[in-house]
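As a plain string of letters, each chain reads:
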Amino acid sequence: MTTTQAAPERESDDYLPAAVKETRADRIVLVCNYTALGLFSLAVLYPLVYVLSAAFSEPKNVQSGEVWLWPVGLSLESFRSIFDYDGIVRGFGNSVVYAIGGALLATALTLLAAYPLSRRDLPGKGLILGLFLFTMMFNGGLIPNYLVVDRTGLLDTRWAMILPTAMAVWNVIITRTYFQTTIPEDLAEAARMDGCNDLGFFWRVVLPLSKPIIAVNLLFYAVAQWNSWFNALIYLTSEHLFPLQLVLRQILVQSNVDPSQVRDVAELVRMKELQEQLKFSLIVIATIPPLLIYPFVQKHFVKGAMVGSLKG
Amino acid sequence: MATEMLERAPAATTAPRPVRKHTLGLRARMRKHWQLYLMLALPLVWLAIFAYWPMYGAIIAFKDYNVIDGILGSRWVGLKHFERFVESYQFWRLIKNTLVLHGYELLVTFPLPIILALGLNLARRRWYRRSVQMITYAPHFISTVVVVGLIVVLVDPNTGVLNQFLGLFGVGPIEVLSNPDWFRHLYVWSAAWQTMGFSAIIYLAALTSVSPEQHEAAIVDGASRLRRVWHVDLPAIRPVAVILLILNIGSIMSVGFEKVLLLQNPLNLQTSEVIDTYVYKLGFVSQIPQFSYAAAIGLFRSLVGLVLLVVANTLARRFAKSSLW
């Protein structure tokens, strides 16, 4: 998928013209390369497969170390107990809201910023671009950011999760580069002669031509929102607003299962046994949504990200 | 910027006039594009509030901030907080931990994606490349909390698969998480695990710009596979690599703070306390939040980062002939 812009991909092994014979050294290099790539992938894959198998196994088999690759003694117990834990279900819902809301808002802002900045005929463009770029290299820091969120009255509201991170300058740059490379400047001029103004041109010509980069932005922002927890930690105090990741942090990292969150005592006892198991299934559940979205946008995303980053 | 502005000045409305640069004055050109400025309005408002207001707010580092008087009303104290930080016993430990952690991270996570990209580029079997790529960049989409959760589960002294594996060789359970010696390795190698595949994308993109003719010419000249990687592929990546290296050096003072905070516990503080986590604790965890002192340390960190970025860029421009600006 990465060579789509280059010469048509060849199934055969190299650029070798048929007449040139492959040397032995070359063949060894090739074999080593395939082996190394395989090992790389296995190293990345193993923890994921292990966690997946453990999540579906009988708790006692995991504790005793019988599980190392495939599930042993299939069990869905731990997945069921997840749904008894109020914080997780609520956190999941909150995260969905933050991810969708955040992605829509951020993508809109990014497109609005990127298009004018991609136009070479915009007076003062350099200055405005400079304002954007400077924020990538310098920022006020944690405490001043917190004070701003406090001052604007966003503290402990859903907006605190969405607004302060609503635009990533890096994405603006990538999107701007996309516009520059795919929308010819003369097109805007031609549209103007036909009586189409800048806003109309943006709405009727630019946006329809930019589906890949819009998809990339939505995906980036949604995943970032889904995975974020630190802003929630400092900006939110009401538990009913907590995103999933913050709840996960309590259970996965700090190993705290809050008894008041559990519905009855029998549940609590069972929970103690299941606690280790719960971690595995939580990891699986929390990881599924981003991994599910990404194959759908992947083809856009590799293309968009590449076009954007290469010439940026 | 100036030259860019001049390039397309001609007004489309008065067609027959010979096209000259500067047919419209600056003000007229700005009026012509008022809709573009309108589009920029919202993003600029956002930038003003959430990027530049905090920069202005950073002046509390030079004041004794208190809630009642606010940022403006609080008393100026000059460099008091900076001096206090530099003289504190924490100072060298924090600087050392921050630099060592990020330096180590850079040493591992900078070359790995390049190697992966070169390897992928060398492999021509389509399905193989695709699967390796799919697998290696999946972890990029996993959240920091979950990655740390994974680590916690895998290295658990009783049930973790790592210690069970070591147990096979009679090596007793190791308390990885509470051991300061292990913290850096854990942090760096999990970062490599998570980012390697995704970071390789940008290098793969650079490699697609190498024309097949270059390779064919090299083959005709009798170059081996390895030689071609070295003399054809690597130079193609170099500009991108230099830019990423500069950016990395610029952020050397701000290590992946969220993950450090998650992996941290009272037992491994000796190596895991970095500037950012210290600022967080001063501002949000301690009984009496010391906003001004914390802001001063944060500002110190940002300024050092900015200086490093400028220095790295200057060096790169001089020696590697490519740079950020």
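Note that the structure is a prediction, hence the values are computed from the model and not measured.

Reading the values: rules and limits
Residues numbered from 1 in each chain as written. Chains lettered and ligands numbered in written order. Predicted model: local features only at pLDDT ≥ 70, side-chain atom pairs only at ≥ 80, totals over all residues. Heavy atoms only, no water. Helix = DSSP H or I, 4+ residues; strand = E, 2+ residues; numbered from the N terminus. Contact = heavy atoms within 4.5 Å. Buried area = accessible area lost by both parts, 1.4 Å probe. Salt bridge = Lys/Arg side-chain N within 4 Å of Asp/Glu carboxyl O. Polar contact = N/O pair within 3.5 Å; in protein donor to acceptor, adjacent residues only side chain to side chain. Nonpolar A, V, L, I, M, F, W, Y, C, P; charged D, E, K, R; others polar. pLDDT = per-residue confidence, 0-100. Domains from an automatic or database assignment.

So, about the environment of A:Ile82. Residue and element names in this part refer to chain A. Tracing the backbone shows Ile82 in helix α3 (residues 77-82). In the structure, Ile82 is positioned 199 residues away from Ser281 in sequence and 8.1 Å away in space, judged by C-alpha atoms. Setting aside anything within four residues of it in sequence, one finds Ile82 in contact with Ile88, Val89, Leu278, Ser281, Leu282 and Ile285.

Bringing the interface of chain A and chain B into the picture now. At the interface, 113 residues of chain A touch 106 residues of chain B. With both chains or domains summed, chain A and chain B bury close to 10,800 Å², and 72% of this area falls on carbon and sulfur atoms. Across the contact surface, chain A and chain B share one salt bridge. Note that A:Glu189 and B:Lys32 form a salt bridge whose closest N and O atoms lie 4.0 Å from each other. The interface formed by chain A and chain B includes 18 residue pairs in polar contact (both at pLDDT 80 or more). Taken together, the residues of the side of chain A that touches chain B break down into 70 nonpolar, 23 polar and 20 charged.

Predicted confidence across chain A gives a mean pLDDT of 81, with 82% of residues reaching 70 or more. Overall, residues 1-12 of chain A carries pLDDT values under 50, and its contacts beyond four positions in sequence, including any with other chains, amount to 29 contacts.

All right, on to the domain arrangement of chain A then. Residues and elements named next belong to chain A. Domain assignment breaks chain A into domain 1 (23-75) and domain 2 (79-308). Across the boundary between the two partners, domain 1 contributes eleven residues, which contact eight residues of domain 2. With both chains or domains summed, domain 1 and domain 2 bury close to 740 Å², and 75% of this area falls on carbon and sulfur atoms. Three residues, Val51, Ala55 and Pro59, lead the burial of domain 1 against domain 2; their summed loss comes to 52% of the area buried on that side. Here domain 1 is connected to domain 2 by zero salt bridges. Where domain 1 meets domain 2, there are zero residue pairs in polar contact (both at pLDDT 80 or more). Looking at the side of domain 1 that touches domain 2, the elements with two or more residues in it are α1 (24-55) and α2 (59-63). The element that contributes the greatest number of residues to the side of domain 1 that touches domain 2 is α1, accounting for five residues. Residues belonging to the side of domain 1 that touches domain 2 are distributed by class as follows: eight nonpolar, two polar and one charged.

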